[in-house]
Every structure is written in C-alpha cells, then in structure tokens.
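Structural description and commentary
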Amino acid sequence: MSTQPYNILFLCTGNSARSILAEGLVNHLSHGRFKGFSAGSQPMGRVNPLALETLQQLGCDTDGMSSKSWDVFAEADAPKMDFIITVCDSAAGEACPYWPGTPMTAHWGFPDPSHVEGDDEAKRLAFARTAQAITQRLRLFLSLPMDKLDTLSLQDALRAWGSP
C-alpha cells in the first residue's frame with residue numbers, strides 16, 4: 001500500500017453518473033485520506049448534469065470533473081492506483097487495461113440513476129438514492145484502519161461489500 005492519500009479509481013462504462021458520484025463522494029468524505037478518480041470503458045464525453053447537481057447539494061467539489069476513458073489511468077505517467085472499484089455491472093465484466101502496480105479491486109454494483117424515466121423530481125430522487133447507497137458503502141470502507149490491515153484482509157473486506 002502507498003502512503004496517504006490512497007488513490008482510488010471508480011470505473012463505469014459511460015463515466016457520467018455512478019463513477020462520477022463515487023469520485024466526488026470519496027473526495028468529500030475521506031477528508032484527504034483518499035484521492036478519488038473516475039473513468040469509463042466507453043465514456044459518454046460529458047458528465048450527467050444531475051450527477052454534478054447531486055454532488056454540489058451534498059457539499060462536494062465538482063471542479064474539473066469530466067467523462068474520460070480508463071486508458072488515461074493505464075498510461076505510464078498516470079497516478080498509481082491503490083484501489084479500483086467498478087460500480088456498474090457492464091464495466092465489471094469487461095477486460096480492463098493493465099493497471100500499474102498491484103491495486104486492490106472490487107465490484108460494487110449500483111443501479112444507474114440516469115436510466116430512470118419520469119419527471120425531473122423522479123430523476124433527482126434516483127440520483128439522490130444512488131448517492132446515498134454509494135455513501136453508505138464508502139463510509140464502511142473509510143472506517144477500515146488501512147494502516148493496520150494486511151493486504152489480504154483489506155482485499156477481502158473490499159470485495160465483501162459488493163452488490164447489496
């Protein structure tokens with residue numbers, strides 16, 4: 001494991017909603033212990049405005065957030081990741097690039113709030129619920145004493161919190 005802050009990459013196919021929410025939330029909730037990043041296997045090229053709105057309402061910084069390819073984080077000069085977490089089922093099943101180092105990996109599946117149909121209130125509620133579910137998972141993860149756990153124990157805990 002690296003010294004703090006630990007780098008954590010959240011992956012989703014489009015990198016427009018769930019992975020963006022997770023990036024913003026880990027940066028906000030970890031108080032500097034983690035540096036969150038997000039990417040996608042087939043990035044949409046834009047962040048869903050409701051993801052940004054939800055994060056802002058929760059007090060998260062959204063400056064510089066963008067929808068980008070996971071290839072960015074497989075390059076030689078990319079930040080070394082300590083953790084890589086897929087947050088959608090399709091990204092979990094795809095062949096990932098080679099990640100420098102030996103990051104711990106897990107799959108935490110969350111429903112895609114951008115697929116909810118209905119009026120703006122229903123869509124905002126879907127984003128709020130997904131953000132709440134991600135927050136619950138992150139709070140559990142962030143409560144682990146990273147410096148006191150061996151790699152195997154930490155990997156087991158990370159994977160145990162997979163899909164609810």
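Each value, and the rule that gives it
- Residues numbered from 1 in each chain as written.
- Predicted model: local features only at pLDDT ≥ 70, side-chain atom pairs only at ≥ 80, totals over all residues.
- Heavy atoms only, no water.
- Pairing = 2+ DSSP bridges.
- Helix = DSSP H or I, 4+ residues; strand = E, 2+ residues; numbered from the N terminus.
- Axes fitted to C-alpha atoms, helices over the stretch in contact; angles between N-to-C directions.
- Contact = heavy atoms within 4.5 Å.
- Buried < 20%, exposed > 50% of the residue type's maximum accessible area, 1.4 Å probe, protein only.
- Arc of directions from axis to C-beta.
- Parallel < 35°, antiparallel > 145°, perpendicular 65-115°, else oblique.
- Left-handed = near helix turned anticlockwise from the far one by under 90°.
- Nonpolar A, V, L, I, M, F, W, Y, C, P; charged D, E, K, R; others polar.
- Core = buried A, V, L, I, M, F, W, Y, C linked by side-chain atoms within 4.5 Å.
- Salt bridge = Lys/Arg side-chain N within 4 Å of Asp/Glu carboxyl O.

With respect to the sheet that holds strand S4 (residues 104-107)
- Within the open sheet, the 4 strands sit side by side as S2-S1-S3-S4. Their pairing is parallel. In this open sheet, the two strands that pair with only one neighbour each are strand S2 (34-40) and S4. Neighbour-to-neighbour, the strand axes of the sheet open up by a mean angle of 20°, direction not taken into account.
- Sheet contacts for helix H1 (residues 18-29): strand S1 (6-12) and S2; angle to S2, the most-contacted strand, approximately 170°.

Quick notes on the pairing of S4
- Every second residue of S4 is oriented toward a common face, the buried set being Met-104 and Ala-106 and the non-buried set Thr-105 and His-107.
- Pairing geometry for strand S3 (residues 83-86) and S4, over 4 bridges, is parallel. Across the sheet, the residue bridging to Phe-83 is Met-104, located in S4.

Notes on helix H2 (residues 49-57)
- Within the span of H2, buried status applies to Leu-50, Ala-51, Thr-54 and Leu-55. Projected onto a plane normal to the axis of H2, the buried residues spread over an arc of 135° and lie on a single side. Seen from the open side of H2, the exposed residues pointing more than 90 degrees away from its buried face are Pro-49 and Gln-57.
- Its buried side turned inward, H2 meets H1 and helix H4 (120-142).

Points about the packing of H2 against H4
- Remark: H2 packs on H4, axes separated minimally by 10 Å, with the N-to-C direction vectors making an angle of 60°. Judged on the interaxial angle alone, H4 and H2 are oblique. For the pair H2 and H4, the crossing hand works out as right-handed. Between H2 and H4, the residues in contact are Leu-50, Ala-51, Glu-53 and Thr-54 and Lys-123, Arg-124, Phe-127, Ala-128 and Ala-131, respectively.
- When its residues are assigned to classes, the contact of H2 with H4 shows 5 nonpolar, 1 polar and 3 charged.

So, the nonpolar core
- Membership of the largest hydrophobic core comes to 34 residues, with the highest contact counts inside it found for Phe-10, Leu-25, Phe-34, Leu-138 and Phe-141.
- Where this core is concerned, the elements lending two or more residues are S1, H1, H2, S3, S4 and H4.
- With sequence-adjacent residues up to four places away left out, Phe-10 is seen in contact with Ser-19, Ala-22, Glu-23, Val-26, Phe-37, Ser-38, Ala-39, Ile-85, Val-87, Trp-108 and Leu-138.
- Within the second largest apolar cluster, 8 residues are counted, among which are Ala-39, Trp-70, Met-81 and Ile-84.

Concerning the pattern of salt bridges
- Under the counting rule described, the total for this entry stands at 3 salt bridges.
- For Arg-18, the salt bridge is made with Asp-112, and the minimal N-O distance between the two is 3.4 Å. One end of the pair, Arg-18, is in helix H1; the other, Asp-112, is in the loop between S4 and H4, and 94 residues separate them in sequence.
- For Glu-53, the salt bridge is made with Arg-124, and the minimal N-O distance between the two is 2.4 Å. Of this pair, Glu-53 sits in helix H2 while Arg-124 sits in helix H4, and the two are 71 residues apart along the sequence.
- Overall, the relative accessible area of 22% leaves Glu-53 in the partly exposed class.

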